[in-house]
Amino acid sequence: MSTEPIESMTMKKPRAINKNTPVGLWIERGLSMIAVVNYALVLFNISYIPWRDFYFRHFRELTELYDPIMGIEPHRDTVRYIETVAALNNQVVETGLESPEVEDILLSLQQQSIEMVDTNPFAIANKSGALETIKNRMRDRAPNPDDSSKQAFATFWSVEYLDDNGFMEEIDWFTSQIKPLMEANYFRRLSETGNFVNDFWRIDFPFVLFFLVEFLIRTRVVSSKFNTVTWLDAMLWRWYDILMFISLPTARLLRIIPVTIRLDQTGLIKLEKLRAFASRGLVSSVSQELTEAVIIQFINQVQDQLREGNIGKAIAQSQQQRYMNINNLNEIEFISNQLIQVVVYKVIPQLESDIEALIRYNVESVVKNSEVVERFKKVPGFDNIAKELSDRLIGELSQLATEGPNSAYEGIRKAMSDRKGSQLTEQLVRDFGKVLWQEIEGEQMQQFEYLLVDLLEEIKLNYIHRVDEENFEQVLASIQERRKLEGLIVYEED
């Protein structure tokens with residue numbers, strides 16, 4: 001008895017078409033080309049009625065083949081008119097222009113012309129413009145005082161007119177100017193639903209059946225290949241292929257979606273640039289509105305918080321509320337403490353020479369510009385110089401330290417008012433940044449980055465509110481109101 005495992009005795013699971021192999025790629029491309037042919041037929045069917053005159057003039061065999069699909073047949077009135085003209089031509093060849101048979105045919109053509117003008121057999125084909133062209137050309141060919149198209153037809157189809165202007169010349173004119181417009185006219189049948197007949201489904205049905213079977217086989221193979229993928233999951237994954245076997249007239253144009261995807265997947269066309277342009281256009285069209293919506297939503301949230309009470313109350317309430325902390329650490333306090341320690345214990349000691357140079361320059365400037373020194377130059381005696389200079393220096397430093405930020409700002413501005421002081425200050429700032437970066441880079445910087453990530457996550461959990469539909473409508477209303485105000489402002493400025 002064979003010891004082969006039971007699994008090996010069962011039927012192997014089918015494999016999906018591998019586009020990485022030459023055979024698989026050509027199979028996929030063949031399926032794509034079948035989809036392209038089907039979509040080309042869809043477009044041809046849609047364009048057939050508007051472009052039938054073009055097809056009729058240049059591809060007469062094609063219209064003879066496709067007219068029955070659209071329920072189109074020659075219109076009996078215009079066909080009878082053309083046949084009567086042909087009979088007139090034959091009768092004139094046999095008996096000449098002046099004969100009772102020719103007169104009967106001409107009377108018939110006059111009567112048919114009146115009926116054509118009155119009943120408009122071109123209307124059902126939406127070709128009333130062709131009838132107007134025929135009438136205008138006939139008026140120009142056989143003018144009359146009343147400018148009547150009926151009278152023009154009656155004059156044209158008379159023995160006197162044809163004899164005076166030459167029968168063959170007039171028949172040639174009719175053949176080249178009037179007959180093509182009548183030949184292009186047609187009658188289109190109506191279906192039981194009251195719509196025009198369109199049997200394109202007879203051509204489309206084999207394609208629909210083919211792509212339905214292909215869709216079922218393809219999705220079944222995918223679900224069999226992957227144990228975690230159900231047949232329904234595979235169908236949803238290939239959802240766009242469903243459009244290939246929906247034969248509703250309004251849905252056939254949507255087949256451009258699966259056709260385009262198939263061509264892109266098989267490398268027959270490249271959609272990367274088109275996708276990039278489309279994405280760029282979409283981003284440019286919505287970026288401004290999206291930015292406005294985000295900013296206005298943030299401002300609205302801040303306003304809502306402030307309307308509940310003053311800033312102190314809001315801070316107190318926030319302290320009482322439960323704060324979601326993901327690492328049991330106050331990131332801001334920890335980062336601030338670490339930066340202070342780095343600056344005090346590591347950065348400042350390395351900047352001693354720069355700080356000393358800046359202080360020395362400031363002290364020398366104070367001594368040089370001091371009024372005490374100026375008085376000292378004129379008054380004899382040197383005993384009190386050191387004391388006065390010390391008192392003056394102490395007074396300047398005390399004033400800088402005690403008068404607050406405004407005095408500090410003025411002191412820095414005065415120190416940077418000349419070139420040398422500005423250079424020393426810039427040198428101090430550059431060295432400070434360089435040393436600070438050297439001290440915190442490496443593992444400490446990585447630790448700061450982790451802490452900042454946790455801090456941002458806590459901000460999202462504690463302070464960022466979800467935007468519901470009602471709030472978003474308010475945001476859109478705010479954007480619209482702001483744009484109205486901008487329009488009024490621009491109008492007033494103009």
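Residues numbered from 1 in each chain as written. Predicted model: local features only at pLDDT ≥ 70, side-chain atom pairs only at ≥ 80, totals over all residues. Heavy atoms only, no water.

S.K.: Quick one: what's the story with the overall build of the chain, residue by residue and with numbers?
M.R.: Helices and strands together make up the secondary structure of the chain, namely 24 helices and two strands. Taking all 494 residues of the chain together, the buried fraction comes to 29%. Considering only contacts within the chain whose residues lie at least 6 apart along the sequence, 66% involve residues at least 24 apart. As displayed, the chain has an accessible area near 34100 Å², and 59% of this comes from carbon and sulfur atoms. (Helix = DSSP H or I, 4+ residues; strand = E, 2+ residues; numbered from the N terminus. Buried < 20%, exposed > 50% of the residue type's maximum accessible area, 1.4 Å probe, protein only. Contact = heavy atoms within 4.5 Å. Areas by Shrake-Rupley, 256 points an atom, 1.4 Å probe, with all protein chains shown as cover.)

S.K.: So what about the nonpolar core? Which residues, and what values?
M.R.: Within the largest apolar cluster, 31 residues are counted, with the highest numbers of intra-cluster contacts made by Tyr 81, Leu 88, Phe 153, Phe 156, Trp 157, Phe 174 and Met 182. Among the elements of the structure, α5 (76-95), α6 (100-119), α7 (128-141), α8 (149-156), α9 (159-165) and α10 (167-177) are those that each provide at least two residues to this core. When residues of this core are assigned to their parent elements, the largest contribution, six residues, is made by α6. Counting eleven residues, the second largest nonpolar core, distinct from the first, contains Val 42, Tyr 66, Ala 125 and Tyr 186. (Core = buried A, V, L, I, M, F, W, Y, C linked by side-chain atoms within 4.5 Å.)

S.K.: Mind laying out α5, listing which residues take part and the relevant values?
M.R.: Over its 20 residues, α5 extends 28 Å from the first C-alpha to the last, a length consistent with the 28 Å expected when each residue adds 1.5 Å. When we look at burial in α5, the residues that qualify are Thr 78, Tyr 81, Ile 82, Thr 84, Val 85, Leu 88, Gln 91 and Val 92. Considering only its buried residues, α5 is in contact with α6, α8, α10 and α11 (179-183). (Expected span 1.5 Å × (residues − 1).)

S.K.: Break down a negative patch on the surface for me, with residues and values.
M.R.: Negative charge collects at one region of the surface, where Glu 98, Glu 101, Glu 103, Asp 104, Glu 160, Asp 163 and Asp 164 lie side by side. Listed by contribution, the elements that provide at least two residues to the negative patch are α6 and α9. For Glu 160, a relative accessible area of 55% corresponds to the exposed category. (Patch = residues over 30% accessible without salt bridge, like charges linked within 9 Å, V, L, I, M, F, W, Y side chains within 5 Å. Salt bridge = Lys/Arg side-chain N within 4 Å of Asp/Glu carboxyl O. Lys, Arg positive; Asp, Glu negative; His and termini not counted. Charge placed at Lys NZ, Arg CZ, Asp CG, Glu CD.)

S.K.: If you had to explain a nonpolar patch on the surface to someone new, which residues and values would you point to?
M.R.: A cluster of nonpolar residues, Trp 201, Phe 205, Leu 209, Leu 212, Val 213, Leu 216, Ile 217 and Trp 231, forms a patch on the protein surface that exposes about 720 Å² of accessible area. No other element matches the seven residues that helix α12 (residues 200-225) contributes to the nonpolar patch. By the element assignment, Trp 231 lies in helix α13 (residues 231-237). With a relative accessible area of 35%, Trp 231 lands in the partly exposed category.

S.K.: Tell me about unusual backbone geometry, residues and numbers included.
M.R.: The phi dihedral of Asn 120 falls on the positive side, at around 55 degrees, and the residue is not glycine. For Asn 120, the location among the structural elements is in the loop between α6 and α7. In this structure, Asp 147 is a non-glycine residue whose phi angle is positive, near 50 degrees. Mapped onto the elements, Asp 147 comes out in the loop between α7 and α8.

S.K.: Hey, could you go over the pattern of salt bridges for me, with residue numbers and the actual values?
M.R.: Applying the stated criterion to the full structure yields 17 salt bridges. Asp 147 is the salt-bridge partner of Arg 139, the closest N and O atoms lying 4.0 Å from each other. Here Glu 214 and Arg 218 are joined by a salt bridge, their closest N and O atoms 2.6 Å apart. With Glu 214 and Arg 218 both in helix α12, this residue pair falls four residues apart, about one helical turn. This pair shows no difference in class: Glu 214 is buried, exactly as Arg 218 is. One salt-bridge network, in which partners are shared between bridges, spans Glu 28, Glu 214, Arg 218, Arg 238, Asp 241 and Arg 262.

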